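A look at the structure
What follows is the residue order along each chain.
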Amino acid sequence: MTAPIRHGALGVLTGLALACAGASMLVLVGAGAARAAGVTDARISTSYVMHGRVTTAIRVRGEHRGQRVTRRWTFTGLSCTGSVCEKLALRRQRSAHRYDRLTLSRVGVGSYAGSGRFYVGLRCRGRRYRRGLVVPYRITVEVAQAVAVQSIAFAGQLTATYTNLRRIDRTRCPVGPSHDAALYSGAAAPLPGPPAVAFSAAAQPGTDSVAFTDTSQPGPGGAPIVGRLWQFGDPASGPADYATTSPVPHAFSAPGAYPVQLTVLDANGLTATAAQTVVVAGPGTAAAKAVAAHARKRSVARTALSSPTS
């Protein structure tokens, strides 16, 4: 009977490695098809192509009401448990390929809000003010659609608002009150997916030891791999049958074929597993050792006969 690996932090994998010697594990792999419409809790943890419409533009250079814009917003979930993150780190594209960074806090089911500011350079009476205009703003984000991947809900679509109530002119040439606002909606690009798990095995000649290296790559969305669990299929080795580091050597208990399995966990809580059969030849038989020893003796004898005498 297999026991499932639960989605969670690295400590989950570590705890399994220490406490589950001799137990096998089943990893949930693949994206589910469950979808939910309306505001709902879901992880916002990838990039989104946001299509916006300017709803207000008062004395804002290069902007007008009704203007359409397309921007890329990239989110990283912070303090996440299951499908809910308490905070979001946002890297927000704005005009002229500039980017802002701010942190959003959860304010309700599937809803986040946060405030930031950016600066605009201005010229006044022949002088350049690099931060002549201060633009404080507020961003709100809501999950409009969720997609289940391995039992974790991810935001497939978002709606958002950008609001600036007052731009602050620090120069000696103010042009009067100015402010702007916009509405956005966008889709995940891409939707997060499980990591691409893989590993290599390098046998040490003449021994029962094999060196294993995790070669896994992040899945769609780019969430880094934060944990791993090796199962070497060698219960006779006791607690050494499990490991959580990479690269890692394992000395098998005897020559033979072993089903080795690697499970990886990414920062989104998604897992994936790869397995391969590793054949361990071992140090060889006694007869083979005797033949090798005899060959070494003959080589030494030949070397002695060919050496010049004084």
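Figured I'd write up the structure that's included with this text. (Residues numbered from 1 in each chain as written. Predicted model: local features only at pLDDT ≥ 70, side-chain atom pairs only at ≥ 80, totals over all residues. Heavy atoms only, no water.)

**A closer look at the environment of G77**
Positionally, G77 belongs in strand β5 (residues 68–81). Setting aside its immediate chain neighbours within four residues, G77 contacts I44, S45, C85, K87 and L88. (Helix = DSSP H or I, 4+ residues; strand = E, 2+ residues; numbered from the N terminus. Contact = heavy atoms within 4.5 Å.)

**Things to note about the sheet that holds strand β13 (residues 199–203)**
Read across the sheet, three strands follow the order β13-β14-β17 without closing on themselves; strand pairing throughout is antiparallel. Edge strands, defined here as strands with exactly one partner in the open sheet, are β13 and β17 (248–251). Across the sheet, the mean angle from the axis of one strand to that of its neighbour is 25 degrees, orientation sign disregarded. Pairing geometry for β13 and strand β14 (residues 209–214), over five bridges, is antiparallel. In the sheet register, A202 faces β14, and the bridge partner there is A211. (Pairing = 2+ DSSP bridges. Axes fitted to C-alpha atoms, helices over the stretch in contact; angles between N-to-C directions.)

**Focus: the sheet that holds strand β15 (residues 225–231)**
What the four strands build is an open sheet, ordered β16-β15-β18-β19; its pairing is antiparallel. Only two strands of the sheet have a single neighbouring strand rather than two, namely β16 (242–243) and β19 (271–280).

**Some thoughts on a positive patch on the surface**
A surface patch of like charges, here positive, comprises R117, R130, R131 and R170. Relative to the elements of secondary structure, R131 occurs in strand β9 (residues 127–149). (Patch = residues over 30% accessible without salt bridge, like charges linked within 9 Å, V, L, I, M, F, W, Y side chains within 5 Å. Areas by Shrake-Rupley, 256 points an atom, 1.4 Å probe, with all protein chains shown as cover. Salt bridge = Lys/Arg side-chain N within 4 Å of Asp/Glu carboxyl O. Lys, Arg positive; Asp, Glu negative; His and termini not counted. Charge placed at Lys NZ, Arg CZ, Asp CG, Glu CD.)

**Structural notes on the environment of P136**
Structurally, P136 can be placed in strand β9. When the C-alpha positions of P136 and L165 are compared, they lie 7.8 Å apart, and in sequence the two are 29 residues distant. Setting aside anything within four residues of it in sequence, one finds P136 in contact with G116, R117, T163, N164 and R166.

**Details of the state of the cysteines**
Taken as a whole and judged by the stated rule, the model has two disulfides. Residue pairing for C80: its cysteine sulfur links by disulfide to C85, the two sulfurs lying 2.0 Å apart. Here the S-S torsion is close to 100 degrees, and the disulfide linking C80 with C85 is therefore right-handed. Between the sulfur atoms of C124 and its disulfide partner C173 the distance amounts to 1.9 Å. With the S-S dihedral at roughly 70 degrees, the linkage between C124 and C173 falls on the right-handed side. Taken together, the positions of C124 in strand β8 (residues 111–124) and C173 in the loop between β11 (168–169) and β12 (179–188) put the pair 49 residues apart, joining distant regions of the chain. (Disulfide = S-S within 2.5 Å.)

**Brief notes about the environment of T70**
Structurally, T70 can be placed in strand β5. Once the C-alpha coordinates of T70 and M50 are considered, the two residues, 20 residues apart in sequence, prove to be 5.7 Å apart. The residues contacting T70, other than those within four sequence positions of it, are V49, M50 and H51. At a separation of 3.2 Å, a polar atom in the side chain of T70 contacts the side chain of H51. (Polar contact = N/O pair within 3.5 Å; in protein donor to acceptor, adjacent residues only side chain to side chain.)

**Observations regarding the pattern of salt bridges**
Here the structure, examined in full by the defined rule, presents five salt bridges. Among the salt bridges present, the one from D41 reaches R106, with a minimum N-O distance of 2.7 Å. Remark: R106 occurs in strand β7 (residues 99–108) and D41 occurs in the loop between β3 (31–37) and β4 (47–58); sequence separation between them is 65 residues. In this structure, the salt-bridge partner of D100 is R92, at a minimum N-O distance of 2.8 Å. Given a relative accessible area of 7%, D100 falls into the buried group. On the accessibility criterion, R92 (3% relative accessible area) is buried. (Buried < 20%, exposed > 50% of the residue type's maximum accessible area, 1.4 Å probe, protein only.)

**A closer look at the pairing of β12**
Of the pairings in the sheet, the one linking β4 to β12 comprises 10 bridges and is antiparallel in character. The partner of G52 across the bridge, within β12, is Y184. For strand β10 (residues 152–164) and β12, the ladder comprises eight bridges, and the chain directions are antiparallel. Considered in β12, the bridge of L158 is made with G186.

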